[in-house]
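Reading the structure
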Amino acid sequence: MRLLLLSLGAAAALAAADDFDFFESKIRPVLAARCYGCHSGKLKQAEGGLYLDSSEPTRKGGRSGIPAVVPGKPEESLLIKVIQGTHKDLKMPPGKPLPKEQVADFVAWVKMGAPDPRTGGTVAALKPAYDWEKEKKHWAYQPVKAVAAPAITDPAWNRTAIDRWVKAKLDEKQIKPLVPASKAALLRRVTYDLTGLPPTPEQSTAFLADQSPQAFEKVVDQLLASPAYGEQWGRHWLDVARYADTAGDASDYPVPEMSRYRNYVIRSIQQDKPFNEFLREQLSGDLLSAKNEEDRRDKIVATSYLANSRRFGQTEGEFYLTIDDTIDNLGKAALGLTVGCARCHDHKFDPIPTADYYALFGIFKSSKYAWAGTEHHQYLDGFAALDKKDQTRLDRQQKRMVDAYRIVKKGDGKDPKSPPAERLAYLEAQAELLQIRSSWPDIPMVYGVSDAKPVNARIMVKGDPNTLGPEAPRGFLTVLGGQPVPADHKGSGRDLLAGWIADDQNPLTARVFVNRVWTWHFGRGIVNTPNDFGTRGEKPTHPELLDQLTADFIREGWSLKKLHKTILLTRAYQTASGHVEANAVKDPKNETYWRFDRRRLTAEEARDSMLALSGNLDPVPGGPHPFAPRASYVQTQHKPFVADPVAFDHNKRSVYLFQQRFKPHAYLDLFDGADSNAATAVRVSNNTATQALYLMNNEFVQKQADALAVRVGMAEPTVAGRVRLAHRLLFARVPTPVEQQMATTFIAQTTAQTEARAAWTSYMRVLFSSNEFFFID
């Protein structure tokens with residue numbers, strides 16, 4: 001009998017859940033779209049005293065005293081009569097009647113007893129249908145917990161906790177790892193890994209000659225201290241932050257100030273700024289106290305991360321899509337969650353209700369984003385002055401520009417036949433815009449974010465900004481604590497949000513970043529979906545290892561450089577690349593790290609290497625791009641901004657290349673550069689015929705090959721010496737006898753047909769096109 005009762009209870013629960021699903025999918029959206037405008041608790045007085053945004057008032061009815069809904073009896077329900085058009089006096093909703101299908105849904109809903117989960121008003125209506133106790137058991141929401149690694153008998157794998165966890169998994173799968181990499185291969189691997197550049201012959205000689213146990217650690221320390229390190233690892237974060245130098249709207253307006261953010265990222269990584277502090281500054285740097293003027297500037301520039309969110313149209317109307325881009329990127333980049341999926345409905349797979357999405361939305365809606373321009377107008381607003389002394393003047397200019405822009409946008413007086421007063425006001429506003437645009441280069445500015453009037457956002461039903469549901473108080477994700485922004489909090493709440501995300505106790509933030517770093521070192525993550533730690537993402541292959549690394553990372557003050565050393569000084573990182581068929585059958589994806597996965601150079605690494613090897617690399621950090629003066633251009637969707645590839649090119653590191661959203665850089669796009677419109681967690685690596693054609697025919701490659709030929713020719717007087725130096729430069733090794741002979745024959749035969757310089761240039765181009773140059777073991 002007890003089992004029967006339990007079964008009946010379970011069946012009833014399932015039936016109730018199905019009924020509520022019907023309400024949520026068929027009834028609530030129509031109420032929100034067509035009824036809440038006149039019958040919501042958010043109004044001072046609902047029409048007829050009828051409130052349809054919670055269960056009890058819906059059934060009770062309005063001032064007439066007639067029940068709006070009688071469960072099980074649609075023929076007695078006033079709501080059904082008025083939407084069917086059968087009531088003698090009332091027909092609702094105003095305007096276009098409901099489609100017959102929607103009317104039928106309401107009738108079916110009332111027949112099934114009018115199931116309605118909305119109890120207690122608006123707040124209760126926001127509650128999602130999640131089993132929170134069950135959802136919070138997902139591995140990613142568990143507190144970080146370091147567990148002692150198992151003992152390993154092999155002394156080579158028993159030196160670090162990382163090695164013990166990796167070897168334990170290998171032993172469990174009965175897989176024998178490959179031997180350690182050669183010193184030459186290891187040096188090339190770690191030098192590219194940390195700096196994006198090849199090791200020099202001098203570095204190779206020193207490392208190969210150093211037989212001390214600390215030889216590799218010395219190399220790692222030297223590389224971490226190199227300015228090239230900040231440029232290489234800054235680029236990793238810029239991939240995730242979807243960095244771009246243009247706004248991304250239909251006009252793709254240039255944003256000259258974004259280069260400040262790029263350099264802020266590089267500088268922060270180089271200085272080993274604690275990662276939690278790095279995150280806080282990007283979310284709320286303008287609200288944080290500063291140690292000095294330079295620190296204040298850095299913190300304001302950091303908020304360009306938020307302002308970098310893609311624009312989709314004018315300053316109003318489509319701005320909700322810009323906030324959506326902010327939430328989507330922040331969710332993936334910092335928390336490893338696809339929060340953006342909750343904009344139109346409760347997340348289908350992860351415990352992120354729509355109310356939580358709009359709790360975050362309100363925080364960013366309470367913030368003022370800088371604007372670089374709009375259709376037909378060089379409209380600037382929301383910028384901060386880099387120097388504090390200029391802020392008052394900048395604010396005054398921006399207010400003048402906003403006022404003038406509103407007059408121009410309104411259009412009164414645009415027609416020459418307009419009334420004289422309107423025409424004069426219009427022309428004066430146009431002149432005002434031109435005058436202010438001309439004066440902008442006078443003030444160094446920041447494309448950032450600042451606090452605006454605090455507001456809560458209303459839920460957009462099905463993501464439609466024209467169909468608003470109940471209000472969602474600002475706050476954090478429920479599954480991570482659900483902390484609210486207090487009602488008496490003076491600002492947007494960005495400072496609180498930054499603290500919640502960067503909290504040591506947040507189970508996601510440090511885990512997500514540690515996994516990213518592991519991914520960038522090994523080519524695959526412990527969680528191999530770095531942007532998705534939710535239930536649709538992959539589970540960690542080594543969960544205890546991930547938590548061990550995360551706990552150490554937090555304990556060490558969120559130091560990226562210390563995390564590097566922890567990973568790089570392991571036997572796991574120093575394993576050779578290669579193939580063993582038996583291992584590949586057991587573990588084709590190399591989830592156990594039985595080998596080090598070979599990888600292709602990234603687009604930036606290949607270009608930077610050619611410049612460095614040819615002697616043409618300009619080591620000076622990049623600055624602003626050579627945009628024309630702001631007053632000289634106005635972009636439209638029919639005439640969007642397009643950068644001149646010649647004017648914007650240079651011989652600096654590729655991280656400083658111009659990044660446009662509408663028109664990707666041709667070279668970076670060819671070699672799978674990051675998408676500046678979305679968070680790039682892992683670079684894809686496609687090998688195409690067009691890449692080979694580029695290496696064979698492109699002028700840039702030809703110039704670097706020629707300069708490398710001159711460099712080698714001036715350094716070594718003999719053919720053998722030149723071939724040897726070329727191999728040491730490109731491959732960090734000396735040529736084999738066979739390679740030496742082939743090169744000598746090639747040079748002799750080619751020189752017989754052309755001049756010596758051209759022959760050596762051709763040979764260098766062959767080396768640039770080789771797999772050994774383009775791939776790292």
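As the structure is a prediction and not an experimental result, all values here were calculated from the model.

**Remarks on the overall build of the chain**
Helix and strand content of the chain: 32 helices and eight strands. Here the C-alpha coordinates of the chain stretch approximately 105 × 90 × 50 Å along the principal axes. Looking at the chain residue by residue over its 777 residues, the buried ones come to 53%. At a minimum sequence separation of 6, the contacts of the chain that also span at least 24 residues come to 68%. Summing over all exposed atoms, the chain offers an accessible surface of approximately 34,700 Å²; the carbon and sulfur share of this is 56%. A gap of 1 Å separates the mean positions of the 101 positive and 92 negative side-chain charges of the chain.

**Digging into helix α27 (residues 689–697)**
For α27, the set of buried residues is Gln691, Tyr694 and Leu695. The buried side chains of α27 occupy one side of the element, clustering within an arc of 95° when seen end-on. Facing away from the buried side of α27, by more than 90 degrees, are the exposed residues Ala689, Met696 and Asn697. Buried positions along α27 lie against β7 (599–600), α26 (666–670), α28 (699–715), α31 (756–768) and α32 (771–774).

**So, the nonpolar core**
Generally speaking, a soluble globular protein has its nonpolar side chains buried in company with each other. Counting residues in hydrophobic clusters, the biggest one holds 134 residues, and the most contacted among them are Trp237 and Tyr261. In contact with tyrosine 261, other than residues within four places in its own chain, are Trp237, Leu238, Ala241, Tyr243, Gln282, Val301, Ala302, Ser304 and Tyr305.

**Observations concerning the confidence of the model for the chain**
For the chain, per-residue confidence averages 90 on the pLDDT scale, and 94% of positions sit at 70 or higher. In the model, residues 1–17 has pLDDT below 50 throughout and makes zero contacts with residues more than four positions away in sequence or in other chains.

**Comments concerning the pattern of salt bridges**
Taken as a whole and judged by the stated rule, the model has 42 salt bridges. Between aspartate 387 and arginine 297 there is a salt bridge, with its nearest N and O atoms 2.1 Å apart. In this pair, aspartate 387 is assigned in the loop between β2 (384–385) and α18 (391–410) and arginine 297 in helix α14 (residues 293–302), connecting sequence segments 90 residues apart. Accessibility expressed as a relative area gives 32% for arginine 297, which makes it partly exposed.

**Some points on unusual backbone geometry**
Most of the time, phi is negative for any residue but glycine, and the peptide bond is trans. Here methionine 92 and proline 93 are connected by a cis peptide whose omega angle stands at -5°. Mapped onto the elements of the fold, proline 93 is located in the loop between α3 (78–84) and α4 (100–111). Phi is positive for glutamine 174, close to 55°, though the residue is something other than glycine. Looking at the element boundaries, glutamine 174 is found in the loop between α7 (161–172) and α8 (183–195). According to the relative accessible area criterion, glutamine 174 is exposed, its value standing at 65%. The backbone of aspartate 672 sits at a positive phi, close to 65°, despite the residue not being glycine.

**What about the packing of aromatic side chains?**
Within this structure, the stated rule accounts for 42 aromatic pairs. Pairing phenylalanine 648 with phenylalanine 658 gives two aromatic rings, centres 4.7 Å apart and planes at 50°, and the pair type is tilted. Residue phenylalanine 648 is found in the loop between α25 (603–614) and α26, and its partner phenylalanine 658 is found in the loop between α25 and α26; the two are separated by 10 residues along the sequence. Using a relative accessible area of 9% as the deciding quantity, one classes phenylalanine 648 as buried.

**Section: the packing of α28 against helix α29 (residues 719–731)**
Where α28 meets α29, the closest approach of the two axes is 9 Å, and the angle between their N-to-C directions is 125°. The angle between α28 and α29 falls in the class oblique. Once α28 is placed against α29, the crossing between them reads as right-handed. On the side of α28, the interface is formed by Leu708, Arg711, Val712, Gly713 and Ala715, while α29 contributes Arg722, Leu725, Leu729 and Leu730. For the contact of α28 with α29, a count of residues per class yields six nonpolar, one polar and two charged.

**Some points on the side chain of glutamate 604**
Mapping glutamate 604 onto the fold places it in helix α25. A polar contact of 2.9 Å, which involves the side chain of glutamate 604, links it to the side chain of arginine 683.

**Notes on the side chain of asparagine 590**
When you line up the elements, asparagine 590 lands in the loop between α24 (581–586) and β7. You can call asparagine 590 buried: its relative accessible area is 1%. Contact partners of asparagine 590, with chain neighbours within four places excluded, come to Arg524, Arg595 and Asp597.

**Overview of the environment of arginine 262**
The residue arginine 262 is located in helix α12 (residues 258–270) in this model. Judged by its relative accessible area of 0%, arginine 262 falls in the buried class. C-alpha of arginine 262 to C-alpha of serine 770: the two residues are 508 residues apart in sequence and 32 Å apart in space. Apart from the residues lying within four places of it in its own chain, the contact partners of arginine 262 are Leu238, Tyr243, Gly622, Gly623, His625, Val655 and Tyr656.

Definitions and cut-offs
Residues numbered from 1 in each chain as written. Predicted model: local features only at pLDDT ≥ 70, side-chain atom pairs only at ≥ 80, totals over all residues. Heavy atoms only, no water. Helix = DSSP H or I, 4+ residues; strand = E, 2+ residues; numbered from the N terminus. Buried < 20%, exposed > 50% of the residue type's maximum accessible area, 1.4 Å probe, protein only. Contact = heavy atoms within 4.5 Å. Areas by Shrake-Rupley, 256 points an atom, 1.4 Å probe, with all protein chains shown as cover. Lys, Arg positive; Asp, Glu negative; His and termini not counted. Charge placed at Lys NZ, Arg CZ, Asp CG, Glu CD. Arc of directions from axis to C-beta. Core = buried A, V, L, I, M, F, W, Y, C linked by side-chain atoms within 4.5 Å. pLDDT = per-residue confidence, 0-100. Salt bridge = Lys/Arg side-chain N within 4 Å of Asp/Glu carboxyl O. Phe/Tyr/Trp six-rings, centres within 6.5 Å; stacked < 30°, edge-to-face > 60°. Axes fitted to C-alpha atoms, helices over the stretch in contact; angles between N-to-C directions. Parallel < 35°, antiparallel > 145°, perpendicular 65-115°, else oblique. Left-handed = near helix turned anticlockwise from the far one by under 90°. Nonpolar A, V, L, I, M, F, W, Y, C, P; charged D, E, K, R; others polar. Polar contact = N/O pair within 3.5 Å; in protein donor to acceptor, adjacent residues only side chain to side chain.

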